[in-house]
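# Structural overview for review
Residues per chain, in single letters:
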Amino acid sequence: MMKVNKCLFLSIFSLLHLSLSAQTNMSPKEVAMKIADRILNTTTYDFKNVKTGEEYNSVKGIPVNQDVKVVSKYTQWHYTNGVTNMALMELGNKLGDLKYEKYVLKNMNFVFNEGNLEFFRKQYDQAFKDGGWEAIRKLSWHMIFRAKRLDDNGPMGASLIELQLKYPHKSFLNYINETASHLNYAEPRLVDGTIARIWPHENTIWADDAFMAISFLSRMGKLTGDSKYYDDAANQVLNYTRYLWCPEKSIYYHCYHTDNKEHGVAHWSRANGWVFMAQADLLAVLPKEHPLREELLRNFRQQASGVARYQGKNGLWHQLLDKEDSYEEITGTAMFVFGIAKGVKEGWLHPDFIYVAEQGLKGMMRLISDQGDVKGICVGTGIMPSLAYYYNRPVQENDPMGEGPVLRALVEMIDAPKYSEIKAEEQYDKIVMKK
């Protein structure tokens, strides 16, 4: 009986190992198209009363009801869809295929230009009147009206700028300008201008907000040509580094509490990824003559060198960068692959770094099926004073939280150079006896 059980155990273990090590043989371009086309094909433009089950293809003319919600997660107003929108437009640009940016245009028109926004504004106003901030969190599109935090408007506003540059529309521009006003005059900041949140401690600096802010600021600079947006974005990068960088480990902390002058407990992978992706986005549009450009390049190279040292044996980075017993996670990995590949192609990083991106891509492919399903996506994660919180965050599949970063990484790897090294035998003739 013991022998049978042992054989059964070995068989199960082998099957599990094969499943875990399975890897698609598709190219980055093919995988990106699989993921993108799945998103396009599964997005709907319907509404549903979650209590009665009644469905609508338009909310125009129906009575305001708190139970009516948007059906598709891809048409929700959420920062993760902002990243996914950017990624889809980047993919379309890379492939010369307009269908991906037309999809983003359709989604934004669904929100702004088809008469749906008024219904949800009334729904929001009533919920806020009856139940305050807690009540509105249950509503679709509540983040478009709340406008109290960068999660509400930063990346979605950034993706709207990319759309405005190609398909200008007054409704898009109005929202972009509202977001700019929020960042300029309402977003909580420290005395030195660093963007900070007023929770979980008063004036806590979150690494996540580097991307939430800079994704918008950098593109606003491109849209308007106004250097104040580039200046603000550049100073955010350098200030975040001053507050969050851990010189002993060469990576960022997730947060810094200014009230008690303490860092958070975690070197969270995605938090580091947000900072890295933000820097790459800024460097891509920052004028060459900007006075802080060289300092920003040094900062970017410093982070690239740091994160490379924490890459796991499978090419993936762990949920907690410095904890190999934490699980392998795809969003942080994708952000690092994106930034490194872009950095090599733009000449910001030494060509050797592409090897790191190649290994990261191989790791990502283990978590992507041949059908374009993306696994290993850590759910939304706040700040808590215990590593156990980060260790035990659930993972999910096919969510914009991961699909956007993964698509951005794949797009950069489509035309990335291959790793090559100087061969020793090709160099021997350069060694000569000198007396």
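Now for a description of the structure that goes with this document. (Residues numbered from 1 in each chain as written. Predicted model: local features only at pLDDT ≥ 70, side-chain atom pairs only at ≥ 80, totals over all residues. Heavy atoms only, no water.)

Turning next to the overall build of the chain. Within the chain, the secondary structure is distributed over 16 helices and twelve strands. Counting only C-alpha atoms, the chain reaches 90 × 70 × 50 Å along its principal axes. A buried classification covers 54% of the 435 residues belonging to the chain. Accessible surface computed for the chain: about 20,100 Å², of which carbon and sulfur atoms make up 53%. Charged side chains of the chain number 52 positive and 52 negative; the gap between the two group centres comes to 2 Å. (Helix = DSSP H or I, 4+ residues; strand = E, 2+ residues; numbered from the N terminus. Buried < 20%, exposed > 50% of the residue type's maximum accessible area, 1.4 Å probe, protein only. Areas by Shrake-Rupley, 256 points an atom, 1.4 Å probe, with all protein chains shown as cover. Lys, Arg positive; Asp, Glu negative; His and termini not counted. Charge placed at Lys NZ, Arg CZ, Asp CG, Glu CD.)

Another aspect to go through is the packing of helix α4 (residues 99–112) against helix α7 (residues 150–166). With their axes 11 Å apart at the nearest point, α4 and α7 run at an angle of 110° to one another. The angle between α4 and α7 places the two elements in the roughly perpendicular class. Crossing angle aside, the handedness with which α4 passes α7 is left-handed. Contacts between α4 and α7 involve Glu101, Val104, Leu105, Met108 and Phe112 from the first element and Met156, Ser159, Leu160, Leu163 and Lys166 from the second. Of the residues belonging to the contact of α4 with α7, the class tally is seven nonpolar, one polar and two charged. (Axes fitted to C-alpha atoms, helices over the stretch in contact; angles between N-to-C directions. Parallel < 35°, antiparallel > 145°, perpendicular 65-115°, else oblique. Left-handed = near helix turned anticlockwise from the far one by under 90°. Contact = heavy atoms within 4.5 Å. Nonpolar A, V, L, I, M, F, W, Y, C, P; charged D, E, K, R; others polar.)

Let's shift gears to the side chain of Thr331. Residue placement: Thr331 occurs in helix α13 (residues 330–346). The exposure class of Thr331 is buried, given its relative accessible area of 0%. Look past the residues within four positions of Thr331 in its chain and what remains in contact with it is Arg270, Ile377, Met401, Gly402 and Pro405.

For the rest of this paragraph, the subject is the sheet that holds strand β3 (residues 68–70). A sheet is described by the order of its strands in space; here three strands give the open sequence β2-β1-β3, paired in antiparallel fashion. Strands with a single pairing partner mark the edges of an open sheet, and in this sheet they are β2 (55–56) and β3. One ladder, built from three bridges, connects strand β1 (residues 47–49) with β3; its direction is antiparallel. Counted as the bridge partner of Asn49 is Val68 from β3. (Pairing = 2+ DSSP bridges.)

This part covers the side chain of Asp232. Note on placement: Asp232 falls in helix α10 (residues 227–244). Excluding its chain neighbours within four sequence positions, the residues that come into contact with Asp232 are Arg189 and Leu217.

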